[in-house]
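Examining the three-dimensional arrangement
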Amino acid sequence: MTSLIPDPATFADESIAIVGMAGRLPGAEDLTAFWHSQLAQRPGTRRLSRAEMAENGRPLHELDRADLVPLAATLTDIDCFDAPFFRFSGPEAEILDPQIRLLHEVAWHTLENAGCDPSRSPDRIGVFASAHMSTYWLYNLDGLYRCSDPNALLQIVAGNGQDYPATTLAYRLGLTGPALNINTACSSSLVSAAVACQTLLDGSCDAALVVSASITLPQGTGYLATADSIYSPDGVCRPFDAAANGTFASDGVAGVLLKRLSDAHKAGDRVIAVIRGWATNNDGARKIGFTAPSVDGQIEVLRDAAASAGIAPGDLDYIETHGTGTSVGDPIEFAALKAVHGTPPFPGHRIALGGAKASIGHLGSAAGLAGLIRTALALRHGVMPGTATFRHLSPRIDAQGCALDVLGPPQPFPARPRPARAGVSSFGIGGTNAHLILEAASPPEEAPVAGDSPEALAVSGYDRDSLDRQRLRLADWLDTGQPLATETAFPTLAALSDTSLIDRPALPFRLAVSGASAAALAQALRLVPLPETAAARTPPKVCFVFTGSGVPSLSRCRDLVRTCPDFARALTEVETALAAQGLPSARDWLERETPDKDERDLHRSHPAAFAFGYAMAKMLMAQGCVPAVVLGHSMGEITAACIAGAVDLPAALAFVAARAAIVMDCGGAGDLLAVSAPAEQVNPFLGVNPALTVAGYNGAGQTLVAGPVAAVTALKETLTAQGIPATVLPAGKPFHSPLMAATTLPVARAAAGQFRAARTAIASTVTGRLEHGAVADPGHWAAQMETPVRMTAAIEAAAAAGCTLFLEIGPRGTFAVGGRKTLLNCAPGARWHAVLDPRGVPRDASVLTALAATRAALWEAGIRTRPAHRPRATRTALPGYAFSRLRYWRAPPPADRSDTSPAVLPSPRRDPVPAPTGTGPTDTGDEGDTLLRTLLAEIWCEELGVERIEETDSFMGLGGTSLAALKVAGTTEARLGLRPPLVLLTRAGTFAEYVGALRGLLLDEQTPEAPAALEPTE
């Protein structure tokens, strides 16, 4: 089997384009709100009241703790989910981790923002997902997990385990590229982005969806900033600042869609920013402890990323730092940045440092992706967002002689001879580091588009209520005139139209409107009635209905020629064929100065009517609307036959000209009368004059009568007196009646050898049936001259063949009333639409107004078309889908909140720990000292997993880490009422020395200052 994956060398020198982004971050329901808050440097946090924390589950005995910080940096409605939209049942949704729920919604918004409909995309889209450990599983589903049968257990694990977010998304969204879950703690999402970039380069996928979520429960309870932890005791994160005292955890979900840059350009994607290079690595053992950062590891990943991007060290303008505001992490990160980028590549060059955590806190696994999005938006808008809480550089940081400046307020990117350039860092507990280098995208070259042309705008929803919410959201946004964060300006009507009609998914409930301004579109969205039923799942079969004789107004024809290249091209094709046969120009006649004076000149009007219908049909087909059946009234059947492939264009034009000449020479005298009444009602009036006959059944309730001029005039007066509308047509001949018998033989001769069997079915108004081969018989065209037009039967035949959309192609909606009534009788779900005279569009409106309404109608029916009057506009962003807020929530089991004892993890079952052996400097033999030794040894054994402790053992020598030291300190505090400084575990040396130091603390000896060397950082 031949591999579908291209040779990786094909994309070796490619950059990666960010083509879509979405997110929900603290204090911001979408990226537009997020970007505005970053520029205003507003925090995404809120302070909690005591009552609120108690209500949300904070144990009562903790509410008065001095280290309780009443802060929340959370998202709203995490208990809600649009389960039906993603095909989850209610019970499935209830046990689904809120992180995975929001991953679905943000993933969908990311694809929407990129203009990517996964159900229609030919691309292999990969998924690279990360998520925090499911605390919903831990807190809310604990009892359910313990009591469930194996099948239910599997469902719980699949809905909450970190092995399943990517594959769940791939299944629910129909994505067929690699689906990988990547978890490296705080660097998970930026590592995922780097892996996605590399996967794009090796050709394993064509687009990469990178998503990450971090949501922890319970919510709204504040947090404990215990001693020696990374958490800020005042709820403020101050990266690199002299007052930095830690960070705080926050919730968020983010997503980006990536493509190879060349593919993005080919597809016409809007590129938000470009990823030039990337690198990942691990610290290994080059650090003091497992959770501690490593300056060597960070230096290495920064250098590797610069090399990957092909840039010199220091050739950046801005770096979005990891910046946690901790006393260890920030100095190490700054030292690494200084080592790699601290020396300016040319005199006067400076690099600004910024950090999102200053305003939104630490998003855990989603932190890196939040930084990537913030940096991409910065490059998109040319503004470095800075660091909201920065005031003065920390004295722990050595910035002497380097080109790095921590940026406080936002500033524009400096002007450079190259595109603006920025780096993004993310470093995870455990030592997995990632760094990406981005550049500003070059603006696309766009063909000028008139800003005031009427356009169509589409919107859809999963159900009727969703459609209502979506249209109102879109209308409200149109009224603001403000661009979304991923755009640099409010989109043109053309961009809005093409993005909504071509790129966005068409969900079951749909509506589309048209207008010449954003305000007009907004008003139309609010006023248009909602559909009662969902659209068909498959595109409709279309029937083109050609109206035959009758020509458009001068202005409409000229507008079509001037504004619609496909119409003009088809009309030129007709003109060339006419000129080759020595026939007069159809275009000249269509654009004549007195269009209403000479329609009876059949030598000119009939070829012109054919030309107009032919050019309109070719334009619609070029747009993407192809008929399954064609139907033509009277002479319109010749146009239908040409479009159906039953006759070539030159032969069709020759026959039209010959037929017109025959009618003028041989046709009887008389007129045609269009009557707005059914034939059964009209027939009694015809009995008074045998020369009057029914010439056509033009749809339910519409009848055509032919006869001598005087008889037709008398009939009109009689019908009018009876209140029956009747109009004499300007045809000037009694077509489709016995008065035309003399024309049949000459017409048959003219048709001989010109026609063949049709490729597309023709609903013939001669026979009232679906025909293919019959039109090849000259007798078919001869019979047309003297038999009634069976329009009603032809419509019924097309409907019976499955056509549900009838497009009337003519200068006006001649058959709209009769056509709609006929469909109401035979196919109630079918729709009739007059292309140039659609319902609700004034007759004197511009042709572009009518075409916009037609494009809207086609989209509602399930047919996507490109614009007829201009090139495809640049893809843009519209507000994301308005998901239903349906609550699915499993409450956690009730807890005893009156317990005043601190929570302590149960000790593992083990045999009593023997007293440490050997004699140390503090071994006095005292009974109390022995008890202290035994207790401390027991704690060490529990946390280090060893069986016994020797007096000469050291904590670090037994495999202790910074996390283990925190647990030892916490357990010791719980059992002795005294929290030992972490330095006693790292600097005291032996166990005996540790016991002695702790005994001194119990005797109120001075506590040594705890250095930051072992402080865990994220």
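Small disclaimer: the values here were computed from a predicted structure and weren't measured.

The next subject is the overall build of the chain. A count of helices and strands for the chain gives 34 helices and 31 strands. A buried classification covers 57% of the 1018 residues belonging to the chain. A fraction of 79% describes how many contacts in the chain between residues 6 or more apart in sequence connect residues 24 or more apart. With an accessible surface of roughly 39,300 Å², the chain has 54% of that area assigned to carbon and sulfur atoms.

Right, let's get into the sheet that holds strand E12 (residues 318–320). The strand order E7-E6-E8-E10-E1-E11-E18-E17-E12-E13-E15 describes an open sheet built from eleven strands, whose pairing is mixed. The open sheet has two edge strands, strand E7 (179–181) and strand E15 (404–406), and neither has a second partner. Looking at each pair of strands side by side, their axes are set apart by 25° on average, direction ignored. When strand E6 (residues 125–131) meets strand E8 (residues 207–214), the two strands line up parallel, connected through seven bridges. Counted as the bridge partner of Val127 is Leu209 from E8.

With that settled, consider the confidence of the model for the chain. Scored by pLDDT, the chain comes out at a mean of 89, with 90% of its residues at no less than 70. Note that pLDDT drops below 50 for residues 902–913; the model gives that stretch 13 contacts with residues more than four away or on any other chain. The model gives residues 919–925 a pLDDT under 50, and that stretch makes 13 contacts with residues more than four places away or in other chains.

This next bit is on empty space enclosed by the protein. Inspection of every chain in the model, using the stated rule, returns eight cavities of 30 Å³ or more. A volume near 150 Å³ is recorded for the largest cavity. Lining the largest cavity we find 16 residues, and of these Glu112, Val459, Ser460, Gln470 and Arg504 sit closest to its centre. Every element with two or more residues in the lining of the largest cavity is listed here: helix H4 (98–114), strand E19 (455–461) and helix H15 (464–480). Taken together, the residues of the lining of the largest cavity sort by class into ten nonpolar, three polar and three charged.

This part takes up the nonpolar core. Residues Phe544, Leu560, Phe567, Phe610 and Leu851 are the most contacted members of the largest nonpolar core, which totals 77 residues. The greatest single-element share of this core, amounting to twelve residues, is contributed by helix H21 (residues 602–623). Membership of the second largest hydrophobic core comes to 54 residues, among which are Ile18, Trp35, Ala420 and Ala434.

Per the counting criterion, the structure on display carries 53 salt bridges. As a salt-bridge pair, Arg890 and Glu94 come within 2.9 Å of each other at their nearest N and O atoms. Highlighted residues: Arg890 in the loop between strand E31 (886–887) and helix H31 (927–944) and Glu94 in helix H3 (residues 90–94), separated in sequence by 796 residues. Glu94 gets classed as partly exposed once you look at its relative accessible area, which sits at 25%. Taken together, the salt bridges that share partners define one network made up of Arg276, Asp315, Asp317, Arg416, Arg418, Arg421 and Glu439.

There is a patch of nonpolar side chains on the surface, built from Met133, Leu138 and Tyr139 and spanning about 310 Å² of accessible area. Structurally, Leu138 can be placed in helix H5 (residues 135–140). The class for Leu138 is partly exposed, based on a relative accessible area of 46%.

The subject of this paragraph is the side chain of Asp241. Following the sequence through the fold, Asp241 ends up in the loop between strand E9 (223–224) and strand E10 (252–260). Buried within the structure, Asp241 lacks any salt-bridge partner; its nearest side chain of opposite charge belongs to Arg238, at an N-O separation of 5.1 Å. Within the structure, the side chain of Asp241 is placed 2.9 Å from the backbone nitrogen of Ala243, a separation counted as a polar contact. What Asp241 contacts, discounting residues up to four positions off in sequence, is Thr389, Phe390, Arg391, His392, Leu393 and Ser394.

What follows concerns the packing of H15 against helix H17 (residues 518–527). The interhelical angle for the contact between H15 and H17, taken along N-to-C directions, is 155°, at an axis separation of 9 Å. Here H17 runs roughly antiparallel to H15, going by the angle between their axes. Relative to H17, the crossing made by H15 is left-handed. Packed against H15, whose contacting residues are Arg471, Leu472, Leu474, Ala475, Asp476, Leu478 and Asp479, the element H17 presents Ala518, Leu521, Ala522, Leu525, Arg526 and Leu527 at the interface.

Let us look at the side chain of Gln38. Here Gln38 lies in helix H1 (residues 31–40). We classify Gln38 as buried; its relative accessible area is 2%.

On to the pairing of strand E18 (residues 432–440). Along E18, nine of the nine residues are buried, which leaves the element largely enclosed by surrounding structure. Across the two faces of E18 the burial is the same, with Thr432, Ala434, Leu436, Leu438 and Ala440 and Asn433, His435, Ile437 and Glu439 all buried. Bridging between strand E17 (residues 421–427) and E18 involves seven bridges; their strand directions are antiparallel. If you follow Gly423 over to E18, its bridge partner there is Ile437. Where E17 folds back on E18, the antiparallel hairpin that results is connected by four residues, among which Gly430 adopts a positive phi of roughly 100°.

Another point: the packing of aromatic side chains. Considering all chains together, one arrives at 24 aromatic pairs under this definition. Between the aromatic rings of Phe240 and Phe334, the centroid separation amounts to 6.3 Å while the plane-to-plane angle is 65°, which identifies the pairing as edge-to-face. With Phe240 in the loop between E9 and E10 and Phe334 in helix H12 (residues 329–341), this pair connects stretches of sequence that are 94 residues apart. Taking the relative accessible area as the measure of exposure, Phe240 reaches 1% and is therefore buried. You can call Phe334 buried: its relative accessible area is 1%. Each member of the aromatic cluster is reached from another via a ring pair, and the members are Phe81, Phe85, Phe86, Phe88, Trp108, Tyr462, Tyr881 and Phe883. Sitting above the plane of the Phe88 ring, Arg172 keeps its charged end 3.7 Å from the centroid. Across from the ring centre of Phe290, 5.8 Å away, lies the NZ or CZ of Lys287, which sits over that ring.

Okay, the sheet that holds strand E24 (residues 693–697) next. Pairing is antiparallel across the open sheet formed by four strands, whose spatial order is E24-E25-E23-E26. A strand with exactly one partner marks an edge of an open sheet, and here the two such strands are E24 and strand E26 (726–728). Neighbour to neighbour, the strand axes of the sheet diverge by 25° on average, direction disregarded. Looking at chain direction, strand E23 (residues 671–675) and strand E25 (residues 703–707) are connected through five bridges and run antiparallel. Bridge pairing in E25 links Asp671 to Gly707. Across the sheet, helix H25 (residues 709–721) lies against E23, E25 and E26, angled at about 20° from E23, the strand it touches most.

Further remarks concern the environment of Ala193. Counting through the fold element by element, Ala193 comes out in helix H9 (residues 188–201). When the C-alpha atoms of Ala193 and Gly255 are compared, they prove to be 9.8 Å apart, with 62 residues separating the residues in sequence. Residues in contact with Ala193, not counting those within four places in the same chain, are Val210, Leu258, Leu372 and Leu436.

Rules of the game
The written sequence of each chain sets the order in which its residues are numbered from 1. Local features are withheld for residues below a pLDDT of 70 in this predicted model, meaning they are given only at 70 or higher, and side-chain atom pairs are given and counted only at 80 or more; totals for whole chains, interfaces and linings count all residues. Here the side-chain values reflect all heavy atoms present in the structure, with hydrogen atoms and water set aside. The way it works is that DSSP assigns letters per residue, a run of H or I at least four long becomes a helix, a run of E at least two long becomes a strand, and they are numbered from the N terminus. Exposure classes here rest on a 1.4 Å probe applied to the protein chains alone. A residue is buried below 20% of its type maximum, exposed above 50%, and partly exposed in between. Any pair of residues with heavy atoms lying within 4.5 Å of one another is described as a contacting pair. Methods summary: accessible areas were calculated by the Shrake-Rupley approach with a probe of 1.4 Å, and residue burial reflects only the protein chains presented. Pairing between strands is defined by DSSP: at least two bridges between the two strands are required. Every angle, taken between N-to-C directions, lies between 0 and 180 degrees, and every axis is a line fitted to C-alpha atoms, over only the stretch in contact when it is a helix. Each residue gets a pLDDT score, which is the predictor's confidence in that residue and runs from 0 to 100. Every definition here rests on a 1 Å grid over the protein atoms only: cavities are sets of points where a 1.4 Å probe fits but cannot get out, pockets are open sets enclosed by protein on both sides within 12 Å along at least five of seven lines, and lining residues have some atom within 4 Å of a point. Grid points are joined across faces, edges and corners, and a volume is the space filled by probe spheres set on the points. Amino acids are sorted into nonpolar (Ala, Val, Leu, Ile, Met, Phe, Trp, Tyr, Cys and Pro), charged (Asp, Glu, Lys and Arg) and polar (every other residue, Gly among them). To form a nonpolar core, buried Ala, Val, Leu, Ile, Met, Phe, Trp, Tyr and Cys residues must be joined to one another through side-chain atoms within 4.5 Å. The working definition used for a salt bridge is a side-chain nitrogen of Lys or Arg within 4 Å of a carboxyl oxygen of Asp or Glu. A patch is a set of surface residues, each over 30% in relative accessible area and not in a salt bridge, joined within 9 Å for like charges and within 5 Å for the nonpolar side chains Val, Leu, Ile, Met, Phe, Trp and Tyr. His is not counted, nor are the chain ends, whereas Lys and Arg count as positive and Asp and Glu as negative. What qualifies as a polar contact is a pair of N or O atoms within 3.5 Å, subject to a donor-acceptor requirement within protein and to the restriction that residues adjacent in sequence count only when both atoms come from side chains. Orientation labels follow simple angle bins: below 35 degrees gives roughly parallel, above 145 gives roughly antiparallel, 65 to 115 gives roughly perpendicular, and whatever is left gives oblique. What makes a crossing left-handed is the near helix being turned counterclockwise from the far one by less than a right angle; a clockwise turn instead makes it right-handed. The rule is short: rings of Phe, Tyr and Trp, with Trp giving its six-membered ring, pair when the centres are within 6.5 Å, and they are stacked under 30 degrees, edge-to-face over 60, tilted in between. Should the NZ of a Lys or the CZ of an Arg lie within 6 Å of a ring centre and within 35 degrees of the ring normal, that charge is described as sitting over the ring.

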